[in-house]
2 protein chains.
Amino acid sequence: MKFGLDVLGGDFAPGSTIDGAIAALDSIGKDDRIVLLGPEDLIRKSLAERGVDAERFEISHQPECIEMDEKPMKALMEKPRSGIAAGLRMLAAGELDSFASAGNSGAVLAGAVTLVKCLPGVLRPCTCAWVPQEDSDTFSLLLDIGTTPDAKPEVMLQFGVIGSIYSRHVLGRENPRVCLMNVGTEDGKGNLQCQASFPLLKECPHVNFVGNLEPRDLFKGKAEVFVADGFVGNILLKEIETFYRMLQKRGIKDPLFERCNYEIYGGSPILGVGAPVMLGHGISSALAIKNILLQSKRMCEQHLVDVLREVFASYVGGTGTV
Amino acid sequence: MKFGLDVLGGDFAPGSTIDGAIAALDSIGKDDRIVLLGPEDLIRKSLAERGVDAERFEISHQPECIEMDEKPMKALMEKPRSGIAAGLRMLAAGELDSFASAGNSGAVLAGAVTLVKCLPGVLRPCTCAWVPQEDSDTFSLLLDIGTTPDAKPEVMLQFGVIGSIYSRHVLGRENPRVCLMNVGTEDGKGNLQCQASFPLLKECPHVNFVGNLEPRDLFKGKAEVFVADGFVGNILLKEIETFYRMLQKRGIKDPLFERCNYEIYGGSPILGVGAPVMLGHGISSALAIKNILLQSKRMCEQHLVDVLREVFASYVGGTGTV
C-alpha cells in the first residue's frame, strides 16, 4: 500500500514530517511505501542529513506549499502542486491508499470534500478524537471534533453510525455503545439539537445507543462512542488538551492524563469521504506523524472506507446492523 | 438583612445546610439574620444536637419538601409550604433579601422566573461559575452554565452584559473584558450562534468585548467574562469538575486545580431575576452552603440586582456604559 504524507504540513515541518516518516518505516509492511509529497530537493537533503537512504521512500515532487493562514478553496485552486492538492488528487485517482497532512486543515477538509468527495448517503464528514479510559487501557471516541460545527439531527445520527464503525474497526471495540454527549442523563435532557437527535439514535438499527451521557462519563468506560456536534466536540477536546498541557507545565505526571496526548493517535481521519484522508494537529511532532501514518495503515487494512460505503449505500431505510 | 436558606435542599441536607448556616454566622453582620426554611422540629433538633442556640437564627416553619426528581412547576404548585416555594414567595414579597437552595434546581429556576420574575428587559436568566486563573489568585466568570441551553444571539449579548456587571460587583474586577467562548480566536469563527452573537457583542456599549477566545484561554487571564450558551457552558463546567475530581481521586494536589472546587463560591445566583436567588450544587457540602450565603450577602451589599435593573431598564437603544 502507499501512504501519502504532506512533507510541508505542520508547524514543525519538514523536520517533524521527515522524522515521523522515518520512525514509521519499521512498522509498515515490507510491501508498503510512504510517499513523501513536497519539494524533492528539500526531501532528499533532509533524508541525507539524517543518514537515511531516500530509496526507502517514494518521493512525489510538489514544489508549492499552502500556508496555514490561506483561504482553503482559493489556495487549492492556485497551488495544484502543493502537497495537499496533489496528495488528494492522487488519492482520488487511486494512486495513493491514504493521504495525511498536518497542514492547513481547512484546505485538507475542502480538498477531501471536493476532490475525494463524500461517500454516497453521507450528509457531512466528521473527525474524531481518542479519549483514554480511567479503568482500562482502551480509548473511547469523541466525534465530531470540529468538521461540522452546526450539525442537524440527521447528521448527529450519522456521526453515531460512523463512530460505531470506526470504534469497531480501528479501535477493535465489539458492539460499541453509542451515546449522546449531553448535560444530563435523563431522556429529553439538553438543547433542542440533542432532544431532536435522541429519538433518531434510539431508533437506528445501526447503532447500539445507550442514551445521554455527560462529560463526567467520558473517561469512565460507559460508552465507546460519544456523539457531539463539531462545536461542542471541539470545545471538549480543547479543554482536555488544556488540562493536559496545564498538568505538563506544572510537572504533574499521571498515566491516565499522559494518555490524553493526541500524539498517541496522531490525528483524525476525515470520516465519511471516499478514501482515508488523515488530518494531523497543526503542532504535530514526529511521534504524531508516525502514529497518524500507522493509523492510516490500520484504516486501509480494515477497509474502513469500504465498510462505511457499504453501510451508507443501503442506509436509507436500511435494516441491517453494523 | 435576611438571607433565606432552604434547609432540606441538597443531597446531604439537612446536615450540610445546618452546618453551613452555622459556619456562616461569624461572617455575616451583627444585624444580619439567616432565615432557615424547613420543618421547625427538625431544625431545632439539629441545632440542639450541635449545641447551637436556635435564637441565633430565624426559623420559618415549612413542613413540605420538593424532592430532587419532582417536576418543577407541578411541585411548586402542590407544595406551597416547601422551603423553595415559600422562600421564593417571601423573597418576592420583600420579606427576605436573598434566598438560597441546593435542592431541585428546576424548581428553584421555575420559581425564580414565575414568582420573583425576570427584570424588565431581560430576555432569559443565566447562571455562572468561577474559573481560577493560572497566574493570579483571581477568578474569571463562565456563563451561562445551564439555565438557557438554547440561547439566541440577543440572549448571548445579554449574558455578556450581565456577566460584566457581576464580574465588577461581586468579583471586584474593573472594566471586565468580555469574550465569546469559541473554537478559534479569529473573527467569524465558530457555529452559527457564535457568528451571529459576535457583532452584537462587538457593537454593544455595555461590554468591553475582546472577541473570540478558546477553552485554552479560560485559565489564562485573557478575559474576565466568558460567554457561552447554557449547553456549552454546562459541558465546559462539567468537564472542569470531572478533571478536578479525577485529580482528587488520583491523589494529585495542586493549588490551581484546588481552586476549581465549586465550594469556594458555593453556587450561582440566577442572574436577571428581580432578587438574589442562589442556586447551590446538588452535592453541596457545609462549606459550599456557607459560601453561597456569603455570596448572597455580597450581592445584597453591592445592590447587584438594582444595578442590573437600572442597566436593563434603559437597555434598548441605551448608550450608557456599564
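Whatever comes next refers back to the structure up there.
How each quantity is defined
- Every residue gets a number counted from 1 within its own chain, in the order that chain's sequence is written.
- In the order they appear in the text, chains get letters beginning with A and ligands get numbers beginning with 1.
- Local features in a predicted model are, by the rule used here, given only for residues with pLDDT of at least 70; side-chain atom pairs are given and counted only at 80 or more, and totals for whole chains, interfaces and linings are based on all residues.
- To get the side-chain values, all heavy atoms of the structure are used, and hydrogens and water are removed first.
- Secondary structure counts use DSSP, requiring at least four H or I residues in a row for a helix and at least two E residues in a row for a strand, with both numbered from the N terminus.
- Only heavy atoms matter for contacts: two residues are in contact if any of them lie within 4.5 Å across the pair.
- In short, Shrake-Rupley with a 1.4 Å probe defines the accessible areas, and a residue's cover is counted only from the protein chains shown.
- Following DSSP output, two strands are said to pair if at least two bridges run between them.
- Under this scheme, a helix contributes an axis fitted over its contacting stretch, all axes are lines through C-alpha atoms, and angles between N-to-C directions fall in the 0 to 180 degree range.
- When an angle is under 35 degrees it counts as roughly parallel; over 145 it counts as roughly antiparallel; between 65 and 115 it counts as roughly perpendicular; any other value is oblique.
- Crossing handedness is read from the near helix: turned anticlockwise from the far helix by less than a right angle, it gives a left-handed crossing, and turned clockwise, a right-handed one.
- The nonpolar class holds Ala, Val, Leu, Ile, Met, Phe, Trp, Tyr, Cys and Pro. Asp, Glu, Lys and Arg form the charged class, and all remaining residues, Gly among them, are polar.
- Throughout this description, buried means an accessible area under 20% of the type-specific maximum (1.4 Å probe, protein chains only), exposed means over 50%, and partly exposed covers the range between.
- Each polar contact in these results corresponds to two N or O atoms within 3.5 Å; when the atoms are within protein, one needs to be able to donate a hydrogen and the other to accept it, and residues that are neighboring in sequence are counted only if both atoms are side-chain atoms.
- Copies overlap after least-squares fitting; the atoms used are the C-alpha atoms of residues with pLDDT of at least 70 in both.
- When two components associate, each loses some accessible surface as probed by a 1.4 Å sphere; the sum of these losses over both components is called the buried area.
- What makes a salt bridge here is a side-chain nitrogen of Lys or Arg within 4 Å of a carboxyl oxygen of Asp or Glu, nothing more.
- Two aromatic rings from Phe, Tyr or Trp, using only the six-membered ring of Trp, form a pair when their centres are within 6.5 Å; if the ring planes differ by under 30 degrees the pair is stacked, by over 60 it is edge-to-face, and anything between is tilted.
- Looking down the strands as they point away from the viewer, one classifies a crossover as right-handed if the path from the first strand across the helix to the second runs clockwise.

**Things to note about the overall build of chain A**
Okay, step 1: Counting its regular elements, chain A contains 11 helices and 11 strands.
Okay, step 2: C-alpha extents for chain A along the principal axes are approximately 60 × 50 × 40 Å.
Okay, step 3: In chain A, the proportion of contacts linking residues at least 24 apart, taken out of those at least 6 apart, comes to 70%.
Okay, step 4: Counting only carbon and sulfur atoms, one obtains 51% of the accessible surface of chain A, whose full area is about 12,300 Å².

**Looking at the sheet that holds strand β2 (residues 33-38) of chain A**
Residue and element names in this part refer to chain A.
Okay, step 1: In spatial order, the strands read β3-β2-β1-β4-β11-β10; together these 6 strands make up an open sheet with mixed pairing. Two strands close off the open sheet at either side, each with one partner strand: β3 (58-61) and β10 (267-269). On average, each strand axis in the sheet is tilted by 20 degrees relative to the strand beside it, whichever way the strands run.
Okay, step 2: Of the pairings in the sheet, the one linking strand β4 (residues 98-101) to strand β11 (residues 277-280) comprises 3 bridges and is parallel in character. Across the sheet, residue Ala100 finds its bridge partner in β11, namely Met278.
Okay, step 3: Relative to β2, helix α2 (residues 40-49) is tilted by about 125 degrees, and along the sheet it contacts β2 and β3.

**Focus on the packing of helix α6 (residues 153-169) of chain A against helix α7 (residues 192-203) of chain A**
Residue and element names in this part refer to chain A.
Okay, step 1: Packing of α6 against α7 brings their axes to within 8 Å, and their N-to-C directions diverge by 50 degrees. Between α6 and α7, the angle falls in the class oblique. Between α6 and α7 lies a crossing of right-handed hand. Where α6 approaches α7, its residues Pro153, Glu154, Met156, Leu157 and Gly160 are matched on the opposing element by Gln193, Ala196, Ser197, Leu200 and Leu201.
Okay, step 2: Of the residues in the contact of α6 with α7, the class split is 6 nonpolar, 3 polar and 1 charged.

**Quick word on the side chain of Thr147 of chain A**
Residues and elements named next belong to chain A.
Okay, step 1: Mapped onto the fold, Thr147 is located in the loop between β6 (139-143) and α6.
Okay, step 2: Judged by its relative accessible area of 8%, Thr147 is buried.
Okay, step 3: Polar side-chain contacts of Thr147 include one of 2.7 Å to the side chain of Thr127.
Okay, step 4: Look past the residues within four positions of Thr147 in its chain and what remains in contact with it is Leu109, Arg124, Pro125, Cys126 and Thr127.

**Here we look at the packing of helix α4 (residues 83-92) of chain A against helix α5 (residues 105-116) of chain A**
All names here are of chain A.
Okay, step 1: Two elements in contact, α4 and α5, have axes whose closest approach is 10 Å; the angle formed by their N-to-C orientations is 30 degrees. Here α4 is positioned roughly parallel relative to α5, judged by the angle of their axes. Crossing geometry of α4 relative to α5 is assigned as right-handed. Where α4 approaches α5, its residues Ile84, Ala85, Leu88, Arg89, Leu91 and Ala92 are matched on the opposing element by Ala107, Val108, Gly111, Ala112, Leu115 and Val116.
Okay, step 2: Its residues placed into classes, the contact of α4 with α5 shows 10 nonpolar, 1 polar and 1 charged.

**Notes on the environment of Leu256 of chain B**
Okay, step 1: Relative to the assigned elements, Leu256 of chain B resides in helix α9 (residues 255-258).
Okay, step 2: Since its relative accessible area comes to 2%, Leu256 of chain B is described here as buried.
Okay, step 3: As for Leu256 of chain B and Phe226 of chain B, which are separated by 30 residues in sequence, their C-alpha atoms are 19 Å apart.
Okay, step 4: Excluding anything up to four places from it in sequence, Leu256 of chain B contacts Met246 and Arg250 of chain A together with Pro132, Gln133 and Glu134 of chain B.

**As for the relation of the copies chain A and chain B**
Okay, step 1: With an RMSD of 0.0 Å, the operation that places chain A on chain B is a rotation of 180 degrees combined with a shift of 0.0 Å along the axis. Taken together, the rotation and translation relating the two chain copies correspond to the operation of a two-fold axis.

**Observations regarding the interface of chain A and chain B**
Okay, step 1: Residue-level contacts link 34 residues of chain A with 34 residues of chain B.
Okay, step 2: Approximately 3,500 Å² of surface area, both sides summed, lies buried where chain A meets chain B, with 67% of it carried by carbon and sulfur atoms.
Okay, step 3: Linking chain A to chain B there are 6 salt bridges.
Okay, step 4: One salt bridge in this structure joins Glu214 of chain A and Lys238 of chain B, with 2.9 Å as the shortest N-O distance.
Okay, step 5: Here chain A and chain B share 12 residue pairs in polar contact (both at pLDDT 80 or more) between them.

**Digging into the packing of aromatic side chains**
Okay, step 1: Inspection of the entire model under this criterion finds 11 aromatic pairs over all chains.
Okay, step 2: Here the aromatic rings of Phe257 of chain A and Phe243 of chain B are separated by 5.6 Å at their centres, their planes lie at 25 degrees, and the arrangement is stacked. Taken together, the residues Phe257 of chain A in helix α9 (residues 255-258) and Phe243 of chain B in helix α8 (residues 230-249) connect one chain to another.
Okay, step 3: Following the ring pairs from residue to residue traces out a cluster consisting of Phe219, Phe243 and Phe257 of chain A together with Phe219, Phe243 and Phe257 of chain B.

**What to know about unusual backbone geometry**
All names here are of chain A.
Okay, step 1: Cis geometry is adopted by the peptide bond preceding Pro14, which originates at Ala13 and carries an omega value of 0 degrees.
Okay, step 2: Assignment of secondary structure puts Pro14 in the loop between β1 (2-6) and α1 (15-24).
Okay, step 3: The phi torsion at Asn175 lies on the positive side, around 40 degrees, for a residue other than glycine.
Okay, step 4: Inspection of the secondary structure assignment puts Asn175 in the loop between α6 and β7 (177-181).
Okay, step 5: The class for Asn175 is partly exposed, based on a relative accessible area of 47%.

**Observations concerning the pairing of strand β2 (residues 33-38) of chain B**
Residues and elements named next belong to chain B.
Okay, step 1: Among the 6 residues of β2, 5 are classified as buried, and the element is accordingly described as predominantly covered.
Okay, step 2: As defined by bridge partners, strand β1 (residues 2-6) adjoins β2 across 5 bridges and the pair is classed as parallel. Bridged to Leu5 within β2 is Leu36.
Okay, step 3: Handedness of the β-α-β unit built from β1, helix α1 (residues 15-24) and β2 comes out right-handed.
Okay, step 4: Where β2 lies against strand β3 (residues 58-61), 4 bridges are found, and the strand directions are parallel.

**Details of the environment of Phe312 of chain A**
Residue and element names in this part refer to chain A.
Okay, step 1: Its place among the elements puts Phe312 in helix α11 (residues 304-313).
Okay, step 2: Here Phe312 falls in the buried class, since its relative accessible area comes to 3%.
Okay, step 3: Measuring from C-alpha to C-alpha, the distance between Phe312 and Ile283 comes to 33 Å, with 29 residues separating the pair along the chain.
Okay, step 4: Apart from residues lying up to four places away in sequence, Phe312 is in contact with Pro120, Gly121, Val122, Gln158, Val161 and Ile162.

All we've got here are geometric facts, nothing functional implied.
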